[in-house]
Amino acid sequence: MKRIAILATNGFEESELKSPKEAMENAGFQVDIVSPENGEIKGWANGNWSNTYKVDKILNNVKAEDYNALVLPGGVINPDKLRRNDDALLFVRDFFKMKKPVAAICHAPQILISADVVKGRKMTSFSSIKDDLVNAGAKWVDQEVVVDEGFVTSRNPNDLPAFNSKLIEEIKEGKHEEQHA
């Protein structure tokens, strides 16, 4: 059975965690919410704090080796916190080094900029961080879902159906030899 890590902390965009998690579980994958925090983390929806989600694994207790793929939900607060966490950046980088699928939506590519894994990669994001990605060397495009050798990105919650579909396809394909940081 494929095991997938969703890396998140307080302030994640709720739909961008909930929807991919449900889609992956429906595809038969085991999905763990991995967080620097123990216990529960709180989502964000419609401009307000929303539901809490149980943390399955604490970041310091897991490694990329434990998982087949990584999913990064967006939100404004969540990526800003995670990009300042060295353990989170190492965890993210290791998925790229191991050529495993990585998927990021909305503002989540901010984490990937800080992890220094976007240079030369074709990708998309929430429009407000386009310049940040371009300045970090990414080839930014405005499409609902972009796949670059096992690396899946989307713009916002409206893109979730396409994002989830491509994410599942890439996980089923497994490692991508051209996946790189």
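Structural data are supplied above this passage.
All values derive from a computational prediction rather than experimental measurement. (Residues numbered from 1 in each chain as written. Predicted model: local features only at pLDDT ≥ 70, side-chain atom pairs only at ≥ 80, totals over all residues. Heavy atoms only, no water.)

Caption draft 1: Region of interest: the sheet that holds strand S5 (residues 48–54). Spatially, three strands are ordered S2-S4-S5 in an open sheet, and the strand pairing comes out mixed. Strands with a single pairing partner mark the edges of an open sheet, and in this sheet they are strand S2 (12–13) and S5. One ladder, built from two bridges, connects S2 with strand S4 (residues 40–45); its direction is parallel. Pairing of Phe12 across the sheet is with Gly43, part of S4. (Pairing = 2+ DSSP bridges. Helix = DSSP H or I, 4+ residues; strand = E, 2+ residues; numbered from the N terminus.)

Caption draft 2: Representation of the pattern of salt bridges. Following the criterion strictly, the structure yields eight salt bridges and no others. Among the ionic pairs, Asp80 bridges to Arg84, the shortest N-O distance being 3.0 Å. The closest approach of N and O atoms between Asp159 and Arg155, which form a salt bridge, is 2.9 Å. (Salt bridge = Lys/Arg side-chain N within 4 Å of Asp/Glu carboxyl O.)

Caption draft 3: Broad picture of helix H3 (residues 86–97). The first and last C-alpha atoms of H3 sit 16 Å apart over twelve residues, in line with the 16 Å expected at 1.5 Å per residue. Those residues of H3 not exposed but buried are Ala88, Leu89, Phe91, Val92, Phe95 and Phe96. For H3, the angular spread of the buried residues around the axis is 160°, confining them to a single face. Summarising the geometry of H3, the exposed residues directed more than 90 degrees from the buried face are Asp86 and Lys97. The opening residue of H3, the one whose side-chain oxygen lies 2.9 Å from the backbone nitrogen of Asp87, is Asn85. Just downstream of H3, Lys99 is the residue with a positive phi angle, here 60°. (Expected span 1.5 Å × (residues − 1). Buried < 20%, exposed > 50% of the residue type's maximum accessible area, 1.4 Å probe, protein only. Arc of directions from axis to C-beta. Polar contact = N/O pair within 3.5 Å; in protein donor to acceptor, adjacent residues only side chain to side chain.)

Caption draft 4: View of the pairing of S4. In the sheet, S4 pairs with S5 via five bridges, with the strands oriented antiparallel. Bridging across to S5, Ile41 finds its partner in Tyr53. With antiparallel pairing between neighbouring strands as the criterion, S4 and S5 make up a hairpin whose turn holds two residues, including Asn46 at a positive phi of roughly 55°.

Caption draft 5: Representation of the packing of aromatic side chains. One pass over the structure, following the stated rule, counts five aromatic pairs. Here Phe12 and Tyr53 contribute two aromatic rings whose centre-to-centre distance is 5.5 Å and whose plane-to-plane angle is 75°, an arrangement assigned as edge-to-face. Here Phe12, found in strand S2, pairs with Tyr53, found in strand S5; they are 41 residues apart in sequence, far enough to count as distant. The pair Phe12 / Tyr53 is uniform in exposure class, with both members buried. Ring centres of Tyr67 and Phe91 lie 6.5 Å apart, and the angle between their planes is 90°; this geometry places the pair in the edge-to-face category. With Tyr67 in the loop between strand S6 (57–58) and strand S7 (69–72) and Phe91 in helix H3, the pair connects residues that are 24 residues apart, well separated along the chain. Both residues of the pair, Tyr67 and Phe91, belong to the buried class. (Phe/Tyr/Trp six-rings, centres within 6.5 Å; stacked < 30°, edge-to-face > 60°.)

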